[in-house]
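Given next are the chains, with one letter for each unit.
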Amino acid sequence: MRITDGVLSGGRHSSDFYDVISLEHLLCAWRKFSKGKRTDSEVAKFELCLEENLFSLHERLAQGVWTNDPYRRQPVADLKPRVIHIPSVRDRVLFQAVYQALYQIFDKTFIHDSYASGKCKGTHTGVNRFETFAQKVSANHTKPAFVLKCDIKKFFANIYLNELDQFVKHKLKVRYYIRYCDDFVILDNSHKQLLSHISALRAFLNEKLLLELHPSKVTIRKLHQGTDFLGYVSLPHYRVLRTKTKQRMLARVSEKNVASYLGMLSHCCSHNLTKKILAGYTKAVQHHAIHTIYY
């Protein structure tokens, strides 16, 4: 992507830069970005001076003096503690505006089975598609089949990796392939065929995209053993939640996230875990009530 003479360009297509940064488009981007985030303190602060903030963003872009804000460093108390870096609300509104403009251009060039950042797509759609492929390649789990799982090291831009998708579908002629960001799977009846794909994939990524497969995240497993993909483990005829995700849920259950957790659990076999989540929620509510009364 580049900005030249007021035009935001990408390949054969172009979208007028001043349409992208117009106040109307920025307001639309704000509405899409802020949906479900209004309780976030940074989002609420931005909204207090929404008109002023959007005008300022528009003017800086129009004058060519916009630069991104520093990323906010935030520790995450996960099972494995880590640090994430978050763009400012202002910059995320701009990213949403650019995304809305470019999506209609690039989405037409993507393969059907690229599931990140697409409308009517996402993790649940990707898992459903995986299970459809699993049934087909194994003749409804009556024939041996294998799954190659790969992870691209330190990279997941969707547009750039479209080149990989095209290579897999049109050069390697792979029928059962799904990618979500930097994770992808290939299903096949032949273990030998999947091994040969690994060599071809490594060569293509290194030579054409200057990327590499994560050395410790390339595996081939028998389909019936279960496949950990997009947060769930898909097994013949049913799926369960990934173990790490279960542990995260049980450690973090609260009034704020219980509805989200139950929604995720509705997509898999989770009777016992649902009972534990509800018990944890009840305990959290009771603790909050006692704490409020006491103080």
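Refer to the preceding data block for the structure.
This one's a predicted model, so the numbers in the text were calculated from it and none came from an experiment.

> What should I look at first to understand the pattern of salt bridges in this one?
Pairing of side chains with opposite charge becomes possible as their charged atoms draw close. Scanning the entire structure with this criterion turns up seven salt bridges. For Arg90, the salt bridge goes to Asp91, with nearest N and O atoms at 3.1 Å. For Arg90, a relative accessible area of 15% corresponds to the buried category. Relative accessible area serves as the criterion here: at 0%, Asp91 is assigned to the buried category. Residue Asp228 is joined to Arg242 by a salt bridge in which the shortest nitrogen-to-oxygen separation is 2.6 Å. A residue pair is termed long-range when its members are at least 10 positions apart, and Asp228 in strand β10 (residues 227–229) and Arg242 in the loop between β12 (238–241) and α9 (243–252) qualify at 14 residues. Under the relative-accessibility criterion, Asp228 is labelled partly exposed at 28%. Judged by relative accessible area, Arg242 falls into the partly exposed class, the value being 27%. If you follow the salt bridges from partner to partner, you end up with Asp69, Arg90 and Asp91 in one network.

> What exactly am I supposed to notice about the nonpolar core here?
Inside soluble globular proteins, nonpolar side chains tend to come together where they are buried. By size, the foremost hydrophobic cluster in this structure holds 25 residues, and its most contacted members are Phe130, Ile178, Val185, Leu187, Leu223, Leu241 and Ile277. Elements that contribute at least two residues to this core include exactly α6 (123–137), β8 (183–188), α10 (258–265) and α11 (271–294). Leave out the neighbours within four places in its chain, and Leu187 touches Phe130, Phe133, Ala134, Val137, Phe146, Val147, Tyr176 and Leu223. Leu26, Val43, Ala97 and Phe110 belong to the second largest nonpolar core, which has 23 residues in total.

> Honestly, empty space enclosed by the protein in this entry has me stumped. Any pointers?
Where empty space is left becomes clear once a probe the size of a water molecule has been rolled over the atoms. For the structure on display, the rule yields one cavity of 30 Å³ or more. By volume, the largest cavity is sized at about 30 Å³. Around the largest cavity sit Tyr103, Asp107, Phe110, Ser114, Ala116, Ser117, Gly118, Lys121 and Asn158, which together line it. Residue composition of the lining of the largest cavity, grouped by class: three nonpolar, four polar and two charged.

> What should I look at first to understand the packing of aromatic side chains in this one?
For any pair of aromatic rings, the description consists of the separation of the ring centres together with the inter-plane angle of the planes. Overall, the coordinates contain nine aromatic pairs when judged by the stated rule. A ring pair is formed by Trp30 and Phe33, whose centres lie 6.3 Å apart and whose planes are at 50°; its orientation type is tilted. On the criterion of helical spacing, the pair formed by Trp30 and Phe33 is a turn pair, its members being three residues apart in helix α2 (residues 23–34). By the burial criterion, Trp30 is buried, and Phe33 matches it.

> I'm lost on the environment of Asn158 in this one. Help?
With respect to the helices, strands and loops of the structure, Asn158 is situated in the loop between β6 (146–151) and α7 (162–171). If near-sequence neighbours (up to four positions away) are discounted, Asn158 is found in contact with Phe110, Ser114, Ala116 and Arg179. At a separation of 3.0 Å, a polar atom in the side chain of Asn158 contacts the side chain of Arg179.

> Explanation requested: the sheet that holds β8 in the structure shown.
Strands pair in a sheet through their backbones, by hydrogen bonds, and they do so in one of two ways: parallel or antiparallel. Across the sheet, which stays open at both edges, the four strands sit in the order β7-β8-β6-β9 with antiparallel pairing between neighbours. In this open sheet, the two strands that pair with only one neighbour each are β7 (177–180) and β9 (219–222). Averaged over all pairs of adjacent strands, the angle between strand axes in this sheet comes to 20°, irrespective of strand direction. Pairing between β6 and β8: six bridges, direction antiparallel. Looking at β8, one finds that Asp151 is bridged to Asp183. Set on the sheet, α7 makes contact with β7 and β8; between it and β7 the angle comes to about 175°.

Rules behind the numbers
Residues numbered from 1 in each chain as written. Predicted model: local features only at pLDDT ≥ 70, side-chain atom pairs only at ≥ 80, totals over all residues. Heavy atoms only, no water. Salt bridge = Lys/Arg side-chain N within 4 Å of Asp/Glu carboxyl O. Buried < 20%, exposed > 50% of the residue type's maximum accessible area, 1.4 Å probe, protein only. Helix = DSSP H or I, 4+ residues; strand = E, 2+ residues; numbered from the N terminus. Core = buried A, V, L, I, M, F, W, Y, C linked by side-chain atoms within 4.5 Å. Contact = heavy atoms within 4.5 Å. 1 Å grid on protein atoms, 1.4 Å probe; cavity = no way out; pocket = protein on both sides within 12 Å on 5 of 7 lines; lining within 4 Å. Points joined across faces, edges and corners; volume = space filled by probe spheres on them. Nonpolar A, V, L, I, M, F, W, Y, C, P; charged D, E, K, R; others polar. Phe/Tyr/Trp six-rings, centres within 6.5 Å; stacked < 30°, edge-to-face > 60°. Polar contact = N/O pair within 3.5 Å; in protein donor to acceptor, adjacent residues only side chain to side chain. Pairing = 2+ DSSP bridges. Axes fitted to C-alpha atoms, helices over the stretch in contact; angles between N-to-C directions.

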